[in-house]
There are 2 protein chains.
Amino acid sequence: MEAINFRPIGYIHSPFKTKEGSPRQSIHTPEVEAIIDIKPEFSAGLLNLELYSHIIVLFHFHLSPGYDLVVERPRGDRPGPRGVFSTRSPNRPNGIGLSIVELVKIEGARLRIRGVDMLDGTPVLDIKPYDSGLNPAP
Amino acid sequence: MEAINFRPIGYIHSPFKTKEGSPRQSIHTPEVEAIIDIKPEFSAGLLNLELYSHIIVLFHFHLSPGYDLVVERPRGDRPGPRGVFSTRSPNRPNGIGLSIVELVKIEGARLRIRGVDMLDGTPVLDIKPYDSGLNPAP
């Protein structure tokens, strides 16, 4: 099996301590603030990130126990059953989560962000600038 | 070092055969079509994906040679130097790419997509539904 290996660039500190208490999508928690602490060896990668008001955070669903390819009762408006790739379920073959959050402030290697649905302790895999001009308008 | 291991759920077949010939962002190639072939063991995860006109594709920058934390001359409008996390550079600590593409058609485990900037042979890590209602309006 062809393996692709990543390692965390940092960790999230959020008010959501358990899966049961966390929201499903960050759009539902526009006011919730959290912290991303970037590891010292990656902090130079934050240079001038404050040019952007919003960032894309890719993270690891580190507490997910595994996955089902078909989700019988997905959350949200659209009915099930649906394949896992048409859902935002954290239980997916490669457990990568994606949130678009507001970048409130950068203090050294610490990012203060707003609009958060990630669990406390979540490993961060990547940060990308969010630029709505890069999105299509479906 | 805490490692996180993923494996491809499938591969992209695109007209871009070399890094030099590929575009920087899929927004610049709205008419370019490509194929994602999902591995048979994951194809059940595609059920009802056609509910969505656009999908988010997470993929591996498999040809990137490594990374620099600071990008002296990033592409795009905004000047450098910038930290890699404020760029879309493929040369990043965890080489995860993100494209939002139009889902043209699903034929079994094969997705026909449009608006593509990925290289031919790119390993796909995840597919998520794209719903513009989940994005903030910065």
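Further up the page is the structure itself.
Description of the structure in this document. (Residues numbered from 1 in each chain as written. Chains lettered and ligands numbered in written order. Predicted model: local features only at pLDDT ≥ 70, side-chain atom pairs only at ≥ 80, totals over all residues. Heavy atoms only, no water.)

**Structural notes on the packing of aromatic side chains**
Then step 1. Per the counting criterion, the structure on display carries 5 aromatic pairs over all chains.
Then step 2. When the ring of F6 of chain A is compared with that of F6 of chain B, the centres are 5.9 Å apart and the planes differ by 55°; the resulting orientation is tilted. Of the two residues, F6 of chain A sits in strand β1 (residues 4-6) while F6 of chain B sits in strand β1 (residues 4-6), which places them in two different chains. A single burial state applies to F6 of chain A and to F6 of chain B, both of which are buried. (Phe/Tyr/Trp six-rings, centres within 6.5 Å; stacked < 30°, edge-to-face > 60°. Helix = DSSP H or I, 4+ residues; strand = E, 2+ residues; numbered from the N terminus. Buried < 20%, exposed > 50% of the residue type's maximum accessible area, 1.4 Å probe, protein only.)

**Let's talk about the sheet that holds strand β3 (residues 33-38) of chain B**
Residues and elements named next belong to chain B.
Then step 1. Spatial ordering of the closed barrel is given by β2-β3-β8-β7-β4-β9, a layout of 6 strands whose pairing is antiparallel. On average, adjacent strands in this sheet sit at an angle of 45° to one another, irrespective of strand direction.
Then step 2. The sheet contact formed by strand β4 (residues 54-60) and strand β7 (residues 96-107) spans 7 bridges and is antiparallel. Paired with V57 across the two strands is S99, which belongs to β7. (Pairing = 2+ DSSP bridges. Axes fitted to C-alpha atoms, helices over the stretch in contact; angles between N-to-C directions.)

**Details of the environment of G97 of chain B**
Then step 1. Looking at where G97 of chain B falls in the secondary structure, it is placed in strand β7.
Then step 2. The spacing of G97 of chain B and H62 of chain B is 35 residues in sequence and 9.8 Å in space, taken between C-alpha atoms.
Then step 3. Apart from the residues lying within four places of it in its own chain, the contact partners of G97 of chain B are K128 of chain A together with V57, L58, F59 and F61 of chain B. (Contact = heavy atoms within 4.5 Å.)

**So, the relation of the copies chain A and chain B**
Then step 1. The transform that puts chain A on chain B rotates by 180° and translates by 0.0 Å along the axis, for an RMSD of 0.0 Å. Such a combination of turn and shift is consistent with a two-fold rotation axis. Judged by C-alpha distance, N5 of chain A is the residue of chain A that lies nearest the rotation axis, at 2.3 Å.
Then step 2. Of the residues that chain A buries at the interface, 100% are likewise interface residues in chain B, meaning the two copies contact each other through the same surface. (Least-squares fit on C-alpha atoms with pLDDT ≥ 70 in both.)

**What about unusual backbone geometry?**
Residue and element names in this part refer to chain A.
Then step 1. Residue P81 is reached from G80 by a cis peptide bond, and omega for that bond is -5°.
Then step 2. Even without being a glycine, N48 presents a positive backbone phi close to 65°.
Then step 3. In this fold, N48 is placed in the loop between β3 (33-38) and β4 (54-60).
Then step 4. Take N48: its relative accessible area is 26%, and that puts it in the partly exposed class.

**Comments concerning the pattern of salt bridges**
Then step 1. This structure, assessed with the given rule, holds 16 salt bridges over all chains.
Then step 2. Note that D126 of chain A and K128 of chain A form a salt bridge whose closest N and O atoms lie 3.0 Å from each other. Note on accessibility: D126 of chain A and K128 of chain A belong to one class, buried.
Then step 3. Of the charged contacts, one joins E33 of chain B and R114 of chain B as a salt bridge, the two residues approaching to 2.9 Å between their closest N and O atoms. Taken together, the positions of E33 of chain B in strand β3 and R114 of chain B in strand β8 (residues 110-114) put the pair 81 residues apart, joining distant regions of the chain.
Then step 4. Each of E33, E102 and R114 of chain A takes part in salt bridges that share partners, so that together they form one network. (Salt bridge = Lys/Arg side-chain N within 4 Å of Asp/Glu carboxyl O.)

These values are about where atoms sit, not about what they do.
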